[in-house]
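Structural characterization, general
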Amino acid sequence: MNRLWVRLTLAFTLVTVVTLGIVAVLINLRASEAFRLYLSYSEPSRYQPLVEMLGSYYVTTGSWDGVSAVLDRAVASPMSMMTNRPGFFGGGEDARPQVVLADSKGAVLYDRVQQRTGRRLTKDEAAAAVTIQINGVAVGKLVVAVPVRQDLIGPLERRFFERVREMLLAGAVIAGLLGTLLGVAVSRTLSAPLQRLALAARAVARRDFGSRVEVGGSREMAEVGQAFNEMTAALDEGERLRRNLMADVAHELRTPLSVVQGNLQAILDDVYPLDKGEICRLYDETRLVSRLVEDLRQLALADAGKLQLNLQPVDLRALIHTTCDQLAAVAEAERLTLTVNVPDNLPRVMADSDRIGQVLHNLLANAFRFTSEGGRIDVAAVAGDGVIQVTVADTGKGIAPEELAHVFDRFWKADRARAWNEQGAGGTGLGLSIAQSLLRAQGGKIWAESTVGEGSRFHFTLPRVPEG
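Throughout what follows, the structure given in this document is the object of discussion. (Residues numbered from 1 in each chain as written. Predicted model: local features only at pLDDT ≥ 70, side-chain atom pairs only at ≥ 80, totals over all residues. Heavy atoms only, no water.)

Okay, a nonpolar patch on the surface next. There is a patch of nonpolar side chains on the surface, built from Leu14, Val18, Ile22 and Leu26 and spanning about 390 Å² of accessible area. Looking at where leucine 26 falls in the secondary structure, it is placed in helix α1 (residues 4–41). (Patch = residues over 30% accessible without salt bridge, like charges linked within 9 Å, V, L, I, M, F, W, Y side chains within 5 Å. Areas by Shrake-Rupley, 256 points an atom, 1.4 Å probe, with all protein chains shown as cover. Salt bridge = Lys/Arg side-chain N within 4 Å of Asp/Glu carboxyl O. Helix = DSSP H or I, 4+ residues; strand = E, 2+ residues; numbered from the N terminus.)

Listed below in structure tokens is the structure:
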């Protein structure tokens, strides 16, 4: 009973039965009314004496003026004066006929019951009217209706009503069955996509992220199916990235750990002497492992939206100059020219100064590594529409187009792109990925442009502090 298709079927059946019940009652009432009206207006030829009397009146007067008095007397007279079947309707005031006289165009001249002259004949009255003709020309229309008493409805009439009710009941039963069958078919059709969606969701719960559902049915169901497929595609991609990340992390950790383990084993086996030089090399490998773990922690926090940020108005011009001054000695040692082009009136940005300093340091370290002696590195900043854009450009070898799209990927294996990542994060392969995550967390973005043989340009933006 709690199944959707069962509820829909019951709803269809209930609506069908209720609708047919209402229709049957209305048809029964209307049929009774129509049948009584038929009996009331039936056999208009029996009022031929009244028709002839009115025709003679029109011939004598030339119009219908004063005809109301004539009809009043005729209606008040015994029925034998109006019909050629005396006694058929019985006596009494209730058996007096309802007489309506209209001109040839249907405008009512006399109405015994409603007393509404000037109106048009109704469709029922027009259908039951007897035309009054003089020399073949219609001059008026007479409608005579006699109230039908219950005791005058005979067995045949009663049998007619019984057959009407039987047909209505049979029609209701047949329509109810058809409605139920149709309800089952429609409800099954409506609930089938939901059942398929439930099966696919259970598959996803079992970590089968390749499950997809057929997009079809109503617009709403198609949108749900499309959204589900998009969700599973995203989960599948996330699972793929997770597996790749775990494999890459294991690979990155294996190398320094193998070095440490091998060297320690060599020391224990007296292959290497236990001196400060060897200990220093082992210490560098442990620092690499430590940086990798810290970088992974920062990425995990950024992915979860829980990265600790101290957002406040920052003088980006001063921050750029401070970072470049810290690396000036490195540039001089590498025989590189480092220039800063930042306007004095550069607006402040809303950011975490320590994190932005980390991003700048990363980009500059990459530029130093891949710019040959005598090369040039330029740092510039310009104010844009609601943002400040910072550019770090170098005259190095550049990055191939097929590798440029992946420079921000974690542990990207292409040699050139990987090398850019490694230098910026001390060999962990996560430097540019961290820079991207840090900027996104502060409402900014980062992208790269490069021409092989001419150099590379890394741009990032940060939101300006609102004025006022």
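Once you've had a look at it, read on.
A few words on the sheet that holds strand β1 (residues 98–103). The strand order across the open sheet built from four strands is β2-β1-β4-β3, with neighbouring strands paired in antiparallel fashion. The open sheet has two free edges, formed respectively by β2 (108–111) and β3 (130–134), since each of these has just one partner strand. Averaged over all neighbouring strand pairs, the angle between strand axes comes to 20°, with direction disregarded. As paired strands, β1 and β2 are joined by three bridges and run antiparallel to one another. Each residue of the ladder has a partner; that of alanine 102, found in β2, is valine 108. Most of the contacts of helix α2 (residues 48–61) go to β3, to which it runs at about 40°, and overall it touches β1, β3 and β4 (137–145). Against the sheet, helix α3 (residues 67–76) engages β1 and β2, with an angle of about 35° to β2. (Pairing = 2+ DSSP bridges. Axes fitted to C-alpha atoms, helices over the stretch in contact; angles between N-to-C directions. Contact = heavy atoms within 4.5 Å.)

For the rest of this paragraph, the subject is the packing of helix α7 (residues 276–303) against helix α12 (residues 431–441). Running from amino to carboxyl end, α7 crosses α12 at an angle of 30°, the nearest separation of the two axes being 10 Å. Note that α7 runs across α12; the crossing there is left-handed. Of the residues in α12, those touching α7 at Asp295, Gln298, Leu299 and Ala302 are Ser433, Ile434, Ser437 and Leu438. Residue classes in the contact of α7 with α12 are distributed as four nonpolar, three polar and one charged. (Left-handed = near helix turned anticlockwise from the far one by under 90°. Nonpolar A, V, L, I, M, F, W, Y, C, P; charged D, E, K, R; others polar.)

Our next topic: the packing of aromatic side chains. Taken as a whole and judged by the stated rule, the model has two aromatic pairs. When the ring centre of tryptophan 447 is taken as origin, the NZ or CZ atom of lysine 445, which lies over that ring, is 5.4 Å away. (Phe/Tyr/Trp six-rings, centres within 6.5 Å; stacked < 30°, edge-to-face > 60°. Lys NZ or Arg CZ within 6 Å of the ring centre and 35° of its normal.)

A separate point is the pairing of strand β11 (residues 455–463). β11 sits mainly inside the fold: seven of its nine residues count as buried. Sheet topology note: the strand β9 (residues 387–394)/β11 ladder contains seven bridges and is antiparallel. Residue pairing for β11: valine 390 is matched across the bridge by phenylalanine 460. Pairing of strand β10 (residues 445–451) with β11 involves seven bridges; the strand directions are antiparallel. Looking at the pairing, glutamate 449 lines up with arginine 457 of β11. The antiparallel pairing of β10 with β11 creates a hairpin that spans three residues between the two strands, and glycine 453 there sits at a positive phi of about 90°. (Buried < 20%, exposed > 50% of the residue type's maximum accessible area, 1.4 Å probe, protein only.)

Right, let's get into the packing of helix α9 (residues 353–369) against α12. Running from N to C, α9 and α12 point in directions that differ by 145°, and their axes come no closer than 10 Å. Remark: the crossing between α9 and α12 carries left-handed chirality. Together, Arg355, Ile356, Gln358, Val359, Asn362, Leu363 and Asn366 of α9 and Gly431, Leu432, Ile434, Ala435, Leu438 and Leu439 of α12 make up the contact between the two elements. Grouping the amino acids of the contact of α9 with α12 by side-chain chemistry returns eight nonpolar, four polar and one charged.

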